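Fold and contact review
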Amino acid sequence: MDAGLFTANNVWMMLCTALVFFMHLGFSLLEIGLTRQKNTINILFKNVFIVCTGLLLYCLAGFNLMYPGDFNLIGDGVLGFAGFGIYAPEGGMTAEYASGGYTWWTDFLFQGMFAATAATIVSGAVAERVKLTTFMVFTILYVGLVYPIVGAWKWGGGFLDAMGFYDFAGSTLVHGVGGWAALVAIWLLGARIGKFDQDGNPKVIQGHNIPLATAGVLILWLGWFGFNGGSVLSADPELTSLTLVTTCLAAAAGGVGAFAFSQILYKNFDLTMFLNGILGGLVGITAGADQMSPTDAILIGIIAGIIIVLAVALVDKLRLDDPVGAVAVHLICGIWGTLAVGIFGAMASVEQFFTQLTGVAVVGAFCLSTSFIILFTLKKTMGLRVSEKEEIEGLDSAEHGMSAYPDYRMNDH
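An account of the accompanying structure is given in this report.

About the criteria used
Residues numbered from 1 in each chain as written. Predicted model: local features only at pLDDT ≥ 70, side-chain atom pairs only at ≥ 80, totals over all residues. Heavy atoms only, no water. Helix = DSSP H or I, 4+ residues; strand = E, 2+ residues; numbered from the N terminus. Rg over C-alpha atoms; globule rule 2.2 N^0.38 Å. Contact = heavy atoms within 4.5 Å. Areas by Shrake-Rupley, 256 points an atom, 1.4 Å probe, with all protein chains shown as cover. Lys, Arg positive; Asp, Glu negative; His and termini not counted. Charge placed at Lys NZ, Arg CZ, Asp CG, Glu CD. Phe/Tyr/Trp six-rings, centres within 6.5 Å; stacked < 30°, edge-to-face > 60°. Buried < 20%, exposed > 50% of the residue type's maximum accessible area, 1.4 Å probe, protein only. Axes fitted to C-alpha atoms, helices over the stretch in contact; angles between N-to-C directions. Parallel < 35°, antiparallel > 145°, perpendicular 65-115°, else oblique. Left-handed = near helix turned anticlockwise from the far one by under 90°. Nonpolar A, V, L, I, M, F, W, Y, C, P; charged D, E, K, R; others polar. Polar contact = N/O pair within 3.5 Å; in protein donor to acceptor, adjacent residues only side chain to side chain. Salt bridge = Lys/Arg side-chain N within 4 Å of Asp/Glu carboxyl O. Patch = residues over 30% accessible without salt bridge, like charges linked within 9 Å, V, L, I, M, F, W, Y side chains within 5 Å.

What to know about the overall build of the chain
Helix and strand content of the chain: 15 helices and zero strands. For a compact globule of 413 residues, the expected C-alpha radius of gyration is about 22 Å, and the chain comes in at 21 Å, within 12% of that figure. For the chain, the share of sequence-separated contacts (at least 6 apart) that also reach a separation of at least 24 residues comes to 77%. By element, 68% of the accessible surface of the chain is carried by carbon and sulfur atoms, the whole surface being about 16,600 Å². Across the chain, the mean location of the 17 positive side-chain charges is 17 Å away from that of the 29 negative side-chain charges.

Quick look at unusual backbone geometry
Its identity as a non-glycine residue notwithstanding, A98 has a phi of 55°, on the positive side. By secondary structure assignment, the location of A98 is in the loop between α2 (40-66) and α3 (104-125). For E128, which is not glycine, the phi torsion reads 80° and is therefore positive. Its place among the elements puts E128 in the loop between α3 and α4 (132-154).

Thoughts on the packing of aromatic side chains
In this description, an aromatic ring pair is defined by two values, namely the gap between the centres and the angle between the planes. One pass over the structure, following the stated rule, counts 22 aromatic pairs. When the ring of F135 is compared with that of F138, the centres are 6.4 Å apart and the planes differ by 45°; the resulting orientation is tilted. Taken as a pair, F135 and F138 lie in helix α4 at a separation of three residues, close to a single helical turn. Grouping residues by exposure puts F135 and F138 together as buried. Relative to F269, the ring of F259 has its centre 6.3 Å away and its plane inclined at 50°; by these criteria the two rings are tilted. Placement of F259 in helix α8 (residues 237-266) and of F269 in the loop between α8 and α9 (271-285) is noted, with a sequence separation of ten residues between them. F259 gets classed as partly exposed once you look at its relative accessible area, which sits at 24%.

Overview of the packing of helix α7 (residues 210-229) against α8
Packing of α7 against α8 leaves a shortest axis separation of 9 Å and a crossing angle of 140°. On the basis of the axis angle, α7 is oblique to α8. The crossing of α7 and α8 is right-handed. Between α7, through W221, W224, F225, N228 and G229, and α8, the contact on the second element is made entirely by T243, L244, T247, C248, A251 and A252. Among the residues making up the contact of α7 with α8, the classes are represented as seven nonpolar, four polar and no charged.

Some details on the side chain of H175
Relative to the helices and strands, H175 resides in helix α6 (residues 171-189). Within the local environment of H175, its side chain forms a polar contact with the side chain of H330, the two groups lying 3.0 Å apart. With residues near it in sequence (within four places) discarded, H175 still touches I121, G170, W224, F227, V283, H330 and L331.

Notes on the pattern of salt bridges
Tallying each qualifying case throughout the model produces six salt bridges. As a salt-bridge pair, R192 and E128 come within 2.4 Å of each other at their nearest N and O atoms. With R192 in the loop between α6 and α7 and E128 in the loop between α3 and α4, this residue pair connects regions lying 64 residues apart in the sequence. Neither residue differs from the other here; R192 and E128 are each classed as buried. The shortest N-O distance in the salt bridge between K389 and E393 comes to 2.8 Å. Note that K389 and E393 are positioned in helix α13 (residues 388-393) at a spacing of four residues, about one turn of the helix.

Let's talk about the packing of α7 against α9
With their axes 10 Å apart at the nearest point, α7 and α9 run at an angle of 10° to one another. Judged by the inter-axis angle, α7 sits roughly parallel to α9. Contacts from I210, A213, T214, V217, L220, W221, W224 and N228 in α7 reach L271, T272, L275, I278, L279, L282, V283 and I285 in α9. Within the contact of α7 with α9, the residues separate by chemical class into 13 nonpolar, three polar and no charged.

As for the environment of V363
With respect to the helices, strands and loops of the structure, V363 is situated in helix α12 (residues 350-381). Residue class for V363 comes out buried when judged on its relative accessible area of 0%. For the pair V363 and W12, spaced 351 residues apart in sequence, the C-alpha separation works out to 30 Å.

Digging into a nonpolar patch on the surface
Together, W187, F372, I373 and F376 give the surface a local cluster of nonpolar side chains, amounting to about 410 Å² of exposed area. Here the element with the most residues in the nonpolar patch is α12; it accounts for three residues. Position of I373 among the secondary structure elements: in helix α12.

Quick look at the side chain of K154
As for its placement among the helices and strands, K154 is situated in helix α4. By relative accessible area, K154 is classed as buried at 12%. Other than its neighbours up to four places away in sequence, K154 contacts L160, D161, F165, Y166, D167 and L173.

As structure tokens, then:
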């Protein structure tokens, strides 16, 4: 391979790595914007913790769990481990590695950025009432073990890959993994104080800064250029440009689909539904962004936007409290996006649809069971939820002893 092409591929992958890292700022702003100001520092702390520990865990063991080479612990593509730590293999810095798409170091860092995203999804769902230390332990176990094991089943050459399951950039393998855990967590935690009235009807708990939430979504949209664009695993002009076009069109269609359907149902131009519709479109296209035509992407996005409105209502009807809509966006639209690979685009067929459905079911069963075991054990030992007094006062005060918005006029005297 020409040295210039190898360098261009690697630079593109490093740029995509930076864009995926930037998404963590988007998640942070979205979460604090859609929740109350008394919990801002707590949410920011969790997001910073996720990035830092996620990278360290991925270096220590996650990368070699996800790409074991040989499934040497449990055969047939189920579980393998290539050892602790990261050591570049022979030829890992040359075009011989990854067909000249990137170096081994770039590979590790790009994949490491994905790893932390799964726990970030859970962070938003459990906001405003989860114990910080408990969440930190959960993050270590889930990001360190569950995410890389699931990833290995497809991206590491495991049994899902062997059966033909397709998930280009993680509608199921990233967003679904986080979404299933978020569902279990909000069920075990219970709703925030004041979320439901005595008859079980949901009440709106207004987020304290919608401009920040809007900025967060737009940053996430930008970051998805790296999330999906980098998943081409090279700077291939045709595939990369197609992937970015389908990603953008699905996002736009998801937003329009959500706000239009919400307006029809509720006679209200709901900005938060618009924003979550954009995210739903992005999650929905992620499984097959490289396989779809522009028209396919628009249809997938519109359906994802409609799903968002219905899914948010369903979560409320089940008396589950998800402050940022994480289950609707990441789990339900993740399922939709994964199944859409068998309905639209180059891989559409009845056989592929059922392969996709099997993959969703397998990952769902594993993530539901593992997240329940982890969270239920933590609930019985450390406790999941802060006290009623701490929740009312806010976690910034209870867990951190400070405020994100101090009154400087008072402090001047």
